[in-house]
Amino acid sequence: MDPVSTTKETPNRKGHNMSAQNNKSVTVIGLGPMGQATVKVLLDAGYDVTAWNRTRPKLDAIAELGAKPADTVAEAIAANDVVLLSLIHYDAMYGVLEQGPADLTGKTVINLSSDSPEKTRKGAAWVTARGGVFVTGAYMTQSDDLKHASSRLYVSGPETDFEAHRPLLETLVPGIEYLGADYGLAQLYYQAGLAQFHAFLTSLEQAVAIIDAGGGDVDKFIEFASNGAESNRDFTLFFGAAAKQGGWGDVANFKMMHAGAQHVIDAAEEVGVDASLTRISQDHYQRALDASEQAGHPVPVYQILRNAA
C-alpha cells in the first residue's frame, strides 16, 4: 500500500484500487533523457517520486532534484502502486521487472518506452498475467521538452485503466490522445509519426547541405523552409485524404515526380551531396510507373507502399 495515499480505495473491475486519481506518489524506472524529463515534470508538479536506474550517476543526479533513489528495482516497485517505465525498448522491461516481485497485483505499470505495436501487446500480456494493470504511452514531443505547447502523449489500454491515471498522465504533457483499448495503438500512431519525422529530418539536412555546398545562404533557406508550415499542413491534408482513397496521381504525375527527383539528384551530386534519400523516392515513382504499365491503370506510390506491407 502506498503510504502517501489517504484517499478511499474503490475497487475496479480487476480488483485494483481507483485511488490513483488523487495519489501524487509514483515510481519512475529508467533515467535516459525522457525518463529524466518525466521525473523533473512530476517533481515540479508536486509529486513524490521514487526513481531507479541501472547506473548510479544518473540516479544520484536526479536525487539532487528531490527524487528518492531506490537501490533496487524491488524497492522502487514497492514504494508506489504506479510505476512508470522509460526504457530503451520493451525487451528491457522484462529484465528490469523480473528483479522485482513476481506478483504485480495492485500495481499499475505505465510503459512509456518506444517499440513496435506487437511487442507492446506482448509486454501488456506479460504484465497482466502477473496480476498488474498495464497502460502504454508514447511521447510525441520536441526532443525531451515535455511541456512544449505541441507535446502530446499517445495512450492506449483499457479505458477504465486509462481514466484511473488520467490526472497523472495529463501532468506530463499539454495534450493527451487516448487511442483505444488495444495496447498496441499508442505505438502504432507513434511509430507512424516517427516514420514521417525521420524522412523529414533527413530531407531537411539534405536540403541544407545542397544550399551550403552550392554556396547559398543557409539562414535564408531555413527562413524560407520554416515559413512553409502552413503549406505543409495543406499538403498533409490533401495527400492524406488521397491516400484514404487509394493514393494520389496518374501516370503523368508519376513521370513528373520521377523527373523532378532526378533534377534534385543532379543538383545534389553537382556539389558533392549524398542524394540517396531522393533516389529512394525516385525508385518509388519508377515502381509506380512499372506497376501502372503492367496493370493498365494508375497504381499510386501509396499502393506500392501499402501492398508491400
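These figures come from a predicted structure and were not determined experimentally.

**Observations regarding the UniProt feature "domain: 6-phosphogluconate dehydrogenase NADP-binding" (unreviewed entry) in the protein**
Now for step 1: UniProt's feature table lists "domain: 6-phosphogluconate dehydrogenase NADP-binding" (unreviewed entry) at residues 26-172, given in the numbering used throughout.
Now for step 2: Between the C-alpha atoms that bound residues 26-172 the distance is 13 Å, and the span itself is 41% helix and 22% strand.

**A look at the pairing of strand S2 (residues 48-52)**
Now for step 1: Counting buried residues along S2, 5 of its 5 residues qualify, which places the element largely inside the surrounding structure.
Now for step 2: A two-sided burial pattern is seen for S2, the buried positions comprising Asp 48, Thr 50 and Trp 52 on one face and Val 49 and Ala 51 on the other.
Now for step 3: For strand S1 (residues 25-29) and S2, the ladder comprises 5 bridges, and the chain directions are parallel. Among the inter-strand pairings, Val 28 is bridged to a residue of S2, identified as Ala 51.
Now for step 4: One crossover worth recording links S1 to the parallel S2 by way of helix H1 (residues 33-44), and it is right-handed.
Now for step 5: With 2 bridges connecting them, S2 and strand S3 (residues 68-69) associate as parallel partners. Of the residues in S3, the one forming a bridge with Thr 50 is Lys 68.

**Some details on the packing of helix H12 (residues 276-295) against helix H13 (residues 301-308)**
Now for step 1: Relative orientation of the contacting elements H12 and H13 amounts to 95°, with a least axis distance of 8 Å. With respect to H13, the element H12 is oriented roughly perpendicular. Between H12, through His 284, Tyr 285, Arg 287, Ala 288 and Ala 291, and H13, the contact on the second element is made entirely by Val 301, Ile 304 and Leu 305.
Now for step 2: The class makeup of the residues in the contact of H12 with H13 is 6 nonpolar, 1 polar and 1 charged.

**Overview of a nonpolar patch on the surface**
Now for step 1: A cluster of nonpolar side chains, Phe 197, Phe 200 and Leu 201, forms an exposed patch at the surface whose accessible area comes to about 270 Å².
Now for step 2: Note on placement: Phe 197 falls in helix H8 (residues 185-213).

**Regarding unusual backbone geometry**
Generally, phi is negative for residues other than glycine and the peptide bonds are trans, each holding for most cases.
Now for step 1: Despite not being glycine, Ser 143 has its phi angle at roughly 55°, a positive value.
Now for step 2: Along the chain, Ser 143 turns up in the loop between strand S6 (133-140) and strand S7 (152-156).
Now for step 3: The exposure class of Ser 143 is exposed, given its relative accessible area of 60%.

**Comments concerning the sheet that holds S6**
Now for step 1: Sheet architecture is open: 8 strands sit in the order S3-S2-S1-S4-S5-S6-S7-S8, paired in mixed fashion. Either end of the sheet is taken by a strand with one partner, and the two such strands are S3 and strand S8 (175-178).
Now for step 2: Pairing analysis gives 5 bridges linking S6 to S7, with the strands arranged antiparallel. Looking at S7, one finds that Met 140 is bridged to Arg 152.

**Observations concerning the pairing of strand S4 (residues 82-85)**
Now for step 1: Residue alternation in S4 divides its side chains into two sets, Val 82 and Leu 84 and Val 83 and Leu 85, and both sets are buried.
Now for step 2: Bridge analysis of S1 against S4 gives 3 bridges, and the strand direction is parallel. Paired with Thr 27 across the two strands is Val 83, which belongs to S4.
Now for step 3: Direction of pairing for S4 relative to strand S5 (residues 108-111): parallel, over a ladder of 4 bridges. Paired with Leu 84 across the strands is Ile 110, a residue of S5.

Here is what the cut-offs are and how they apply
- Residues numbered from 1 in each chain as written.
- Predicted model: local features only at pLDDT ≥ 70, side-chain atom pairs only at ≥ 80, totals over all residues.
- Heavy atoms only, no water.
- UniProt positions renumbered as here; feature names shortened; annotations may be inferred.
- Helix = DSSP H or I, 4+ residues; strand = E, 2+ residues; numbered from the N terminus.
- Buried < 20%, exposed > 50% of the residue type's maximum accessible area, 1.4 Å probe, protein only.
- Pairing = 2+ DSSP bridges.
- Right-handed = clockwise from strand over helix to strand, strands pointing away.
- Axes fitted to C-alpha atoms, helices over the stretch in contact; angles between N-to-C directions.
- Parallel < 35°, antiparallel > 145°, perpendicular 65-115°, else oblique.
- Contact = heavy atoms within 4.5 Å.
- Nonpolar A, V, L, I, M, F, W, Y, C, P; charged D, E, K, R; others polar.
- Patch = residues over 30% accessible without salt bridge, like charges linked within 9 Å, V, L, I, M, F, W, Y side chains within 5 Å.
- Areas by Shrake-Rupley, 256 points an atom, 1.4 Å probe, with all protein chains shown as cover.
- Salt bridge = Lys/Arg side-chain N within 4 Å of Asp/Glu carboxyl O.

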